[in-house]
Amino acid sequence: MLFKNTNNSSYLKVFAFFSFLFLLFSKVGAQTLPAGTPVLEEALRRLQLEGGVNKSTSFALRPFELSPENWSALVDLKNADSINILSKSEQKKNYIKTSFLRQSVSVNTKRPYGWGNGPMVPNVGIQTYTQIGFSLKASILRIQIIPEFVWTQNKPYQGFGDDFSDDINNARYRYWSFGDYPERFGDGPTTIHWWGQSKATLQAGAFEAGISTENIWWGPGQFSALTFSNNARSFPHITLNTRRPAKTFLGTFEGQIIMGQIQDSGIEPAQIQSLNDEYFAPFNGHSKYVNALSITYQPKWIPGLFVGVNRTHQQYNNVREKKLSDYLPIFEAFQKKVYGFDKDAEGRDQQVTFFGRFVIPSAKAELYFEYGRRDHAFDWREAILNPEHARAYLFGFQKLLTFRKKYQIRGEILHQQESINRIIRYLGLGGSYTWNTHGQARGFTNYGEALGTGSGVGSNVQTLEVSQIDGINKRGIVLERLANNQDFFYRAFGQNSGKKPWIDFSVGLLWDQKWDNFILSSKAQFIKSYNYQWENSVDSSADFPIGSNKFAFYGSLNLIYRIGQGN
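The sections below set out a description of the structure shown in this document.

What counts, and at which threshold
Residues numbered from 1 in each chain as written. Predicted model: local features only at pLDDT ≥ 70, side-chain atom pairs only at ≥ 80, totals over all residues. Heavy atoms only, no water. Helix = DSSP H or I, 4+ residues; strand = E, 2+ residues; numbered from the N terminus. Buried < 20%, exposed > 50% of the residue type's maximum accessible area, 1.4 Å probe, protein only. Contact = heavy atoms within 4.5 Å. Areas by Shrake-Rupley, 256 points an atom, 1.4 Å probe, with all protein chains shown as cover. Polar contact = N/O pair within 3.5 Å; in protein donor to acceptor, adjacent residues only side chain to side chain. Salt bridge = Lys/Arg side-chain N within 4 Å of Asp/Glu carboxyl O.

**Regarding the overall build of the chain**
Working step 1: Check the secondary structure of the chain and you find 11 helices and 30 strands.
Working step 2: For the chain, the proportion of its 567 residues judged to be buried stands at 60%.
Working step 3: Counting contacts in the chain only where the partners sit at least 6 residues apart, residues at least 24 apart contribute 73% of the total.
Working step 4: Split by element, the accessible area of the chain, about 22500 Å² in all, is 61% carbon and sulfur.

**Comments concerning the side chain of Asp-326**
Working step 1: Residue position: Asp-326 is located in helix H6 (residues 324–327).
Working step 2: Given a relative accessible area of 2%, Asp-326 falls into the buried group.
Working step 3: Only 2.6 Å separates the side chain of Asp-326 from the side chain of Arg-348, close enough to count as a polar contact.
Working step 4: Those residues within four positions of Asp-326 in sequence are excluded, and the remaining contacts are Tyr-289, Gln-315, Arg-320, Glu-321, Glu-346 and Arg-348.

**Description of the pattern of salt bridges**
Working step 1: Counted by the stated rule, this structure contains 20 salt bridges.
Working step 2: For Glu-42, the salt bridge goes to Arg-46, with nearest N and O atoms at 3.2 Å. Of this pair, Glu-42 and Arg-46 both sit in helix H2 (residues 40–49), four residues apart, which is roughly one turn of the helix.
Working step 3: Between Glu-366 and Arg-45 there is a salt bridge, and its shortest N-O distance comes to 2.9 Å. With Glu-366 in strand E21 (residues 365–374) and Arg-45 in helix H2, the pair connects residues that are 321 residues apart, well separated along the chain.
Working step 4: Given a relative accessible area of 2%, Glu-366 falls into the buried group.
Working step 5: Relative accessible area serves as the criterion here: at 4%, Arg-45 is assigned to the buried category.

Structural data, given as structure tokens:
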């Protein structure tokens, strides 16, 4: 099990070992910038809009590997036009160095909020995250050991209620039984010790192959990604990937193929055991095999344009055969009539996304989108006529402005709610699969958290940030609207005027600051929930109990220390 009762002695022993490494190695060398690293990844992306990062980098395949020179240039924002992510000369340098230390703390009052924080889980109370390690390179060998440690207070809170009718409960548990998204991760404080952002690979030119437990991020999103992001704990996988854009006569390519294993949480979804006993379908297995492919292309003739495709397959190991096609299903046909209906009986699940990003350095701006579909189409005709089946999409932008001081405006819209055509397409068939669910393979999750979007099954999010920036320092405000579990709401309540969707409106204050070797990133977010857990209504009844609109607070603090910088 991933979630264990707190054991302070074992935690301290492991932490002490890596504290020793902290003291042993005194300088920062080339190192990976883990996917979703606060402050630094955002600063690197912003720098590309100003022409300070090589134009062939798509930001659709992360993490990045940075040299010591580029690491310093990024943090200090000096010699910006020299940042080339990983040049050929930098790839030849050997080293053994300590990674940076990252310590994060978050707090939630009354209910969980927030996502995109790696192995940290939805939690009420305090939660801490620690990351530190080292990396070495000897010729073509690269070893990186960067474990992660998480402690979670994990308080109980008001979740889904027990005063709804059977019809409402069946609707709620449909999405819980077709996925793995528990409300609470255990019965009390828990700890997680994990290999985290570690890997052992062979590197040659623009390519890399080996084993890894790093988080990966596929797609151009800033706040979310449809396939892989840093929302869930990472998982062990074999990887073949590009380290930097590979040049060809057609332009540059970036790509990755992985074969890995993800896990169910084994935790029942609701905090009310009587509901789980009556309505929840037990897990089909425990571990799942995942095979995935990502390709990004930057046309030689259109600088700043990136287009790409991601495809994933997952299947429980206890029903998977060991034929070659079962190891590499990403190369099989998209159409169900060619792929075979028998694969459904084997519990296979696939999703595919298409994305694009356009960077305009002259305007210091970027636009991007990602569109995905889950579940095979019967044939190409059905895929073209009904692209909205089991789909999700996001699009966003970023723009830099200068009015005496520099400002950053960025926003993103994520939509996961089922299309209205579900009413006709599945009339009499009991419903449909969605972007986040599957009847046999369940959700595309690892230990109870979505590997892509973390806002919830069938949830829609709109995010807008306005900030004043100075180097990597930032002062800003973020506005967010979250429509929770819209698929469940319309299945359970339809257009009943006595019931309203559960909507969260929030405003957050942002502060990023650098002091010498210390980098601080903080957020204070104030959330107002309307119709929390669908309790508010015009008239009170068994299905529509009178509830209250809730106010909650979410805060996060991230501290990064650059070990040995300047020595």
